[in-house]
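Take a look at the letters that make up each chain.
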Amino acid sequence: MNCSDPQFIPAIRSLMEDLTKHVHEEETIDLVKLESSITPEESERLAKSFGRTKMFVPSRSHPSAPNKPPFETAVGLMTAPIDHLADLFRKWPEEALTPNPSVK
Ligand SMILES: [Fe+2]
């Protein structure tokens, strides 16, 4: 869907509503259960491992990239460093875009 499509903003709002609920459930239920079932040391080890993994995955969507292994993995490993470098120079959308007064 192109961002100029009149259904774009309603679709984004719907997706964000679902995502917000999902994130809330993970943070208030799933992660709480996980943290209570592992040691602080294991939690720290997993957090570091997750942080390292994030370095090897793209930080942006690449719609034309393959979406199934093994090519997804190979392309992801190639695009991740470029994404992370470019992220240093990117602005948040609300800083880069002029708000559309017709969107509420
Ligand atoms: Fe999730």
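Note: the structure precedes this text.
What you are looking at is a predicted structure, and each value in this text was computed from that prediction instead of being measured.

Criteria and cut-off values
Residues numbered from 1 in each chain as written. Predicted model: local features only at pLDDT ≥ 70, side-chain atom pairs only at ≥ 80, totals over all residues. Heavy atoms only, no water. Donors = N, O, S within 2.8 Å, 3.2 Å for Na, K, Ca; no water. Helix = DSSP H or I, 4+ residues; strand = E, 2+ residues; numbered from the N terminus. Buried < 20%, exposed > 50% of the residue type's maximum accessible area, 1.4 Å probe, protein only. Expected span 1.5 Å × (residues − 1). Bend = angle between axes of the 7 residues up to and from the residue. Contact = heavy atoms within 4.5 Å. Polar contact = N/O pair within 3.5 Å; in protein donor to acceptor, adjacent residues only side chain to side chain.

Trainee: Tell me about the coordination of the iron ion, residues and numbers included.
Mentor: Looking at the iron ion, the protein donor atoms are His22 (NE2) and Glu26 (OE), and they sit 2.0 to 2.2 Å from it. Taken together, the residues His22 and Glu26, both in helix H1 (residues 8-37) and 4 residues apart, mark about one turn of the helix. Accessibility expressed as a relative area gives 41% for His22, which makes it partly exposed.

Trainee: Hey, could you go over H1 for me, with residue numbers and the actual values?
Mentor: Its 30 residues give H1 an end-to-end C-alpha distance of 41 Å, which sits within 8% of 44 Å, the value for a rise of 1.5 Å per residue. Along H1, the largest kink reaches about 40 degrees and is centred on Glu26.

Trainee: Give me the environment of His62: which residues, what numbers.
Mentor: Take His62: it is sitting in the loop between helix H2 (40-54) and helix H3 (71-87). Between the alpha carbons of His62 and Thr79 there is a distance of 8.8 Å; along the sequence they are 17 residues apart. Excluding residues that lie within four positions of it along the chain, His62 makes contacts with Thr79 and Asp83. For His62, the side chain forms a polar contact with the side chain of Asp83, separated by 2.9 Å.

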